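Here is what each chain is made of, one letter per residue.
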Amino acid sequence: MPTTHGIHHVTAVTAHAKENVDFYTKVLGLRLVKKTVNQDDVSAYHLFYADAVGSPGTDMTFFDWKHAGARQESSDQISRTYFRVNDPEAIKYWDGRLKDNGIESVREVMLDGKSCLLFEDREGQRLGLVDDLGAEFEGKVWIGSDQSSAVPEQFAIKGFFAVELAVQDIESVDSMLVDVLGWEQAGEYDQPESGRKARKYAMDGGGPGREVHVTEDQSDSLRMSLAGTVHHVAFRVKDEAEMLEWIYRLEETGVPHSGEVERFYFKSLYFRITPGILFEIATDGPGFSADEDIERLGEKLALPPFLEPRRAEIEAGLDPIL
């Protein structure tokens, strides 16, 4: 059976691109590594925040849909994105930093035995920072180019820890996650906010960046892309050969899928595990340096080659955000 190697990226929705850039770069201290457009809706920015070099497994991305409604509580969605930091001292640092930046939603909890800060961004996007107990990080943390908002290297975000799914019945997705995707059940715990049952699923050995947590939530399902919600989560494969293995796997198990989609910075494959939860499989390469030098990532509007002839039209339809 093919393997996914961890979270590749998480794509969410914002209605306020300029404020979104401000929060994720100046508050969370991530690097804007790519400023491009939604390839299926070129009227909207697609913004990518990551580590210093745009490593797979560190990308929080946003579609800028100005008319998206405000987030509402519901089930059948990707309900929280957890980032990883180095140790308990980092948790203390971020508790102060978030509160100093006017984030009033911060609360410290234990997530499956690990120190964790839960909070929301300014549109209600549900986030968390988890102590990864000093686990090895393959990327390169970004400490910022603006010293006034720089994060000390020892406290910087190290990519993703996990994503959380909210479903009405865990057993309803268990077969997809275990039998189709080949993930392992890795234990259960009480979700810290609600006390509801949560189950961990691990891929490629598990650990930071290679877990999905599933919680039970009996709320109604809205199944809408609202500001402050996650649109989809992508999981890593090394290359196109591994992508093809997943296409064959989904076909043999009868899971409808998009087929391979060329995104220029990576190749993608999309499928749903429920009506409201969209998964993507994405290749690690070629990466964000395909059209920009590492030192200049995110400074200009980047367009894939097939959109470059429309640059003037596309730029005219976008508001400045930097």
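Anything mentioned here points back to the structure above.
Procedures and definitions
- Residues numbered from 1 in each chain as written.
- Predicted model: local features only at pLDDT ≥ 70, side-chain atom pairs only at ≥ 80, totals over all residues.
- Heavy atoms only, no water.
- Helix = DSSP H or I, 4+ residues; strand = E, 2+ residues; numbered from the N terminus.
- Rg over C-alpha atoms; globule rule 2.2 N^0.38 Å.
- Buried < 20%, exposed > 50% of the residue type's maximum accessible area, 1.4 Å probe, protein only.
- Pairing = 2+ DSSP bridges.
- Axes fitted to C-alpha atoms, helices over the stretch in contact; angles between N-to-C directions.
- Contact = heavy atoms within 4.5 Å.
- Phe/Tyr/Trp six-rings, centres within 6.5 Å; stacked < 30°, edge-to-face > 60°.
- Lys NZ or Arg CZ within 6 Å of the ring centre and 35° of its normal.

**A look at the overall build of the protein**
Secondary structure assignment for the protein yields 5 helices and 16 strands. By the compact-globule yardstick of 20 Å for 322 residues, the protein fits well, its C-alpha radius of gyration being 19 Å. Across its three principal directions, the C-alpha atoms of the protein cover 50 × 50 × 40 Å. The buried share of the protein, taken over its 322 residues, is 58%.

**Digging into helix α3 (residues 171-180)**
Considered for burial, the residues of α3 that qualify are V173, D174, M176, L177 and V180. Immediately downstream of α3, the backbone of G182 shows phi near 80 degrees, a positive value.

**Quick look at the sheet that holds strand β6 (residues 107-111)**
Picture the strands of a sheet paired through backbone hydrogen bonds; they go either parallel or antiparallel. Sheet architecture is open: 8 strands sit in the order β6-β7-β8-β5-β9-β12-β11-β10, paired in mixed fashion. Lying at the two open borders of the sheet, with one neighbouring strand each, are β6 and β10 (184-190). Pairwise comparison of adjacent strand axes, ignoring direction, gives a mean angle of 30 degrees for this sheet. Pairing geometry for β6 and strand β7 (residues 114-120), over 5 bridges, is antiparallel. Of the residues in β7, the one forming a bridge with R107 is L118. Here α3 sits on the sheet and contacts β9 (160-167), β10, β11 (197-202) and β12 (211-216); the angle it forms with β11, its principal contact strand, is near 5 degrees.

**What to know about the pairing of strand β15 (residues 267-272)**
Of all 6 residues that make up β15, 5 are buried, and the element is covered over most of its length. Here strand β14 (residues 261-262) folds back onto β15 in antiparallel fashion, the turn holding 4 residues, of which F264 has a positive phi close to 70 degrees. When β15 meets strand β16 (residues 278-283), the two strands line up antiparallel, connected through 5 bridges. Bridged to L269 within β16 is I281. Following β15, the chain reverses through 5 residues before pairing antiparallel with β16.

**Concerning unusual backbone geometry**
For the bond running from G285 to P286, omega is 10 degrees, close enough to zero to count as cis. By secondary structure assignment, the location of P286 is in the loop between β16 and α5 (311-316). Of note, D76 is a non-glycine position whose phi angle comes to about 60 degrees, a positive value.

**Overview of the sheet that holds β14**
Reading across from one edge, β2-β3-β4-β1-β13-β16-β15-β14 is the order of the 8 strands in this open sheet, with mixed pairing throughout. Pairing within the sheet leaves two strands with one partner each, and these edge strands are β2 (31-38) and β14. Judged from the 2 bridges that link them, β14 and β15 form a sheet pairing that is antiparallel. Directly across from E262, in β15, lies its bridge partner K267. This element, helix α4 (residues 240-252), spans β13 (230-237), β15 and β16 of the sheet and lies at about 20 degrees to β15.

**Focus on the environment of A156**
In this fold, A156 is placed in the loop between β8 (126-131) and β9. A156 sits 70 residues away from N86 along the chain, and the two C-alpha atoms are 7.9 Å apart. With sequence-adjacent residues up to four places away left out, A156 is seen in contact with R84, V85, V141, W142 and V151.

**A short note on the packing of aromatic side chains**
Enumeration according to the criterion identifies 15 aromatic pairs in this entry. Ring geometry for F271 and F279: centres 6.0 Å apart, planes at 80 degrees, overall edge-to-face. Accessibility classification places F271 together with F279 in one group, the buried group. Ring pairing ties together the aromatic residues F23, Y24, Y49 and F62, which thus form one cluster. The ring centre of W142 lies 4.7 Å from the NZ or CZ of R31, which sits over that ring.

**Concerning the environment of D220**
Here D220 is to be found in the loop between β12 and β13. Beyond its immediate sequence surroundings of up to four residues, D220 is in contact with E73, S74, S75 and Q168.

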